[in-house]
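Here is what each chain is made of, one letter per residue.
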Amino acid sequence: MNDHVCPWWVGYLFVNPIRRFLENPQKILGPYVQSGMVVLEPGCGMGYFTLPLARMVGPTGRVVVVDIQERMLQGLERRARRAGLLDRIERRLSPGQGLGLDDLAETVDFATAIYVVHEVPDQDRFFKEVRAALKPGGRLLVKEPKGHVKPADYDQSLALARDAGFEKAEQSNSLGARVALLVKA
């Protein structure tokens, strides 16, 4: 496990409903996600973005979540079951090295990496695996916290994404975060 990985118990703080006032999942992800899509969410934690994504993809879509901590996935599963969305979510425990996405080659429409890239020990591999899972023209939304990730580190992550075969479609700053929308080249 990477030394910088968020402890599982902090996941409860991240799913606090008050967070919606600062970070509304529908506003952030709504422009990119449609009913019937397959969405990939590495580093899903306890599902702050997962449950809204499951609603957005609808009954014919699917959200594939990957985390390195079983306790995060257990928390997400409990929340998804209570919300009646468990059937739209495919949960995966990372095999330790990489994300374990070989079976998803070119099947994913959209992927998110929200507050997770800075915790990934092998970002080059991360971006290559996500790119391989995306359909041609598939998009990846990368969002990193300003106060936690230095601009140079963020730029280096985007350079690794470019080297892995992504093109930058949009870049912006939001409240406390740097955001880039990348497209599979």
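So, here is what we can say about the structure in this document. Everything numeric here is computed off the predicted structure, so don't read it as measured data. (Residues numbered from 1 in each chain as written. Predicted model: local features only at pLDDT ≥ 70, side-chain atom pairs only at ≥ 80, totals over all residues. Heavy atoms only, no water.)

1. A word on the sheet that holds strand S1 (residues 38-42)
As summarised here, the arrangement of the seven strands in space is S3-S2-S1-S4-S5-S7-S6, forming an open sheet in which the pairing is mixed. The open sheet has two edge strands, strand S3 (89-93) and strand S6 (166-174), and neither has a second partner. Between one strand axis and the next, the sheet turns by 15° as a mean value, whatever way the strands run. By the bridge criterion, seven bridges tie strand S5 (residues 134-145) to strand S7 (residues 177-184) in an arrangement that is antiparallel. Bridged to Pro145 within S7 is Ala177. Sheet strands touched by helix H4 (residues 70-83): strand S2 (62-67) and S3. Its angle to S3, the strand with the most contacts, is close to 165°. With respect to the sheet, helix H6 (residues 151-163) is in contact with S5, S6 and S7, its orientation differing from that of S7 by roughly 5°. (Pairing = 2+ DSSP bridges. Helix = DSSP H or I, 4+ residues; strand = E, 2+ residues; numbered from the N terminus. Axes fitted to C-alpha atoms, helices over the stretch in contact; angles between N-to-C directions. Contact = heavy atoms within 4.5 Å.)

2. A word on the pattern of salt bridges
Within the structure shown, the criterion is met by eleven salt bridges. Across the pair Glu77 and Arg81 runs a salt bridge, and its minimum N-O distance is 2.8 Å. Linking Glu77 with Arg81, this pair stays in helix H4, spanning four residues, or about one helical turn. By relative accessible area, which is 21% here, Glu77 ends up partly exposed. Overall, the relative accessible area of 48% leaves Arg81 in the partly exposed class. Notably, a salt bridge pairs Asp109 with Lys135, separated by 3.0 Å at the nearest N-O pair. (Salt bridge = Lys/Arg side-chain N within 4 Å of Asp/Glu carboxyl O. Buried < 20%, exposed > 50% of the residue type's maximum accessible area, 1.4 Å probe, protein only.)

3. What to know about the nonpolar core
In terms of nonpolar packing, the biggest core is built from 28 residues, with Leu40, Phe126, Phe127, Val130, Leu140, Phe166 and Leu182 touching the most fellow members. Elements that contribute at least two residues to this core include exactly S1, S2, strand S4 (108-114), helix H5 (123-133), S5, H6 and S7. If one sorts the elements of this core by residue count, H5 sits on top with four residues. Leu182 has contacts with Gly138, Arg139, Leu140, Val142, Leu158, Ala161, Phe166, Glu167, Lys168 and Ala169, leaving out every residue within four places of it along the chain. Counting residues in each nonpolar core, the second largest holds 26 residues, with Ile28, Tyr32, Val39 and Val57 among its members. (Core = buried A, V, L, I, M, F, W, Y, C linked by side-chain atoms within 4.5 Å.)

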